[in-house]
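Each chain, letter by letter, is given below.
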Amino acid sequence: MVVQCAGCERPILDRFLLNVLDRAWHAKCVQCCECKLNLTEKCFSRDGKLFCRTDFFRRYGTKCAGCTQGISPSDLVRRARNKVFHLKCFTCMVCRKQLSTGEELYVLDENKFICKEDYLNNRNAGKSIACFGTG
């Protein structure tokens with residue numbers, strides 16, 4: 001009996017085959033469905049598809065509240081008001097400075113922040129919070 005590969009659906013005539021998700025695969029067919037990286041040690045799966053760690057978490061993991069892209073377990077993040085942000089997304093909307101942990105800031109809405117310096121400068125210049133653009 002010839003076994004069909006779950007990846008390419010062609011017969012496996014090789015001496016060895018891999019058993020992944022209770023299905024037989026050619027070694028070369030065990031690859032991430034997103035980036036095509038060969039998965040030689042670990043793989044993640046969802047809906048019968050194989051993923052490398054990075055692509056799995058980008059697609060199915062926590063999403064950044066700033067850019068809505070996935071956050072990989074190796075990404076550095078900031079947390080604010082029960083939301084998670086990539087470091088590059090956690091910035092002052094006026095000067096674009098990256099905001100640091102513990103830094104005083106002002107929240108305009110759930111995902112927009114202003115550093116204390118810009119807030120005070122604009123307040124002293126007579127601008128209201130509503131005047132801040134998303135620039």
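Up top is the structure these notes are about.
To start, this report covers the structure provided alongside it. (Residues numbered from 1 in each chain as written. Predicted model: local features only at pLDDT ≥ 70, side-chain atom pairs only at ≥ 80, totals over all residues. Heavy atoms only, no water.)

With that settled, consider the packing of aromatic side chains. In total, this model carries ten aromatic pairs according to the counting rule given. Pairing Phe51 with Phe56 gives two aromatic rings, centres 6.0 Å apart and planes at 65 degrees, and the pair type is edge-to-face. Note on Phe51: relative accessible area 0%, which makes it buried. When its relative accessible area of 11% is taken as the criterion, Phe56 is described as buried. In textbook terms, an aromatic cluster arises when at least three aromatic residues are bridged by ring pairs, as seen for Phe44, Phe51, Phe56, Phe57 and Tyr60. (Phe/Tyr/Trp six-rings, centres within 6.5 Å; stacked < 30°, edge-to-face > 60°. Buried < 20%, exposed > 50% of the residue type's maximum accessible area, 1.4 Å probe, protein only.)

Here the focus is the environment of Arg78. Take Arg78: it is sitting in strand 7 (residues 77-80). As a C-alpha pair, Arg78 and Cys89 span eleven residues in sequence and 9.0 Å in three-dimensional space. What Arg78 contacts, discounting residues up to four positions off in sequence, is Lys83, Val84, Phe85, Leu87, Phe90, Gln98, Leu99, Ser100 and Thr101. A distance of 3.2 Å separates the side chain of Arg78 from the backbone oxygen of Leu99, its partner in a polar contact. A polar side-chain atom of Arg78 sits 3.0 Å from a polar atom in the side chain of Thr101. (Helix = DSSP H or I, 4+ residues; strand = E, 2+ residues; numbered from the N terminus. Contact = heavy atoms within 4.5 Å. Polar contact = N/O pair within 3.5 Å; in protein donor to acceptor, adjacent residues only side chain to side chain.)

Look at Lys36: it is not a glycine, yet its phi comes out positive at around 70 degrees. Residue position: Lys36 is located in the loop between strand 4 (23-25) and strand 5 (44-46). Despite not being glycine, Asn82 has its phi angle at roughly 60 degrees, a positive value. Within the fold, Asn82 resides in the loop between strand 7 and strand 8 (83-86). On the accessibility criterion, Asn82 (83% relative accessible area) is exposed.

A separate point is the pairing of strand 9 (residues 105-109). Taken together, the four bridges between strand 9 and strand 10 (residues 112-115) define a ladder with antiparallel strand orientation. Within the sheet, the bridge partner assigned to Tyr106 lies in strand 10 and is Ile114. Where strand 9 hands over to strand 10, the hairpin turn is made up of two residues, counted between the paired strands. (Pairing = 2+ DSSP bridges.)

Attention now moves to the environment of Lys28. Inspection of the secondary structure puts Lys28 in the loop between strand 4 and strand 5. Residue Lys28 is classed as exposed on the basis of its relative accessible area, which comes to 56%. For the pair Lys28 and Phe51, spaced 23 residues apart in sequence, the C-alpha to C-alpha distance is 14 Å.

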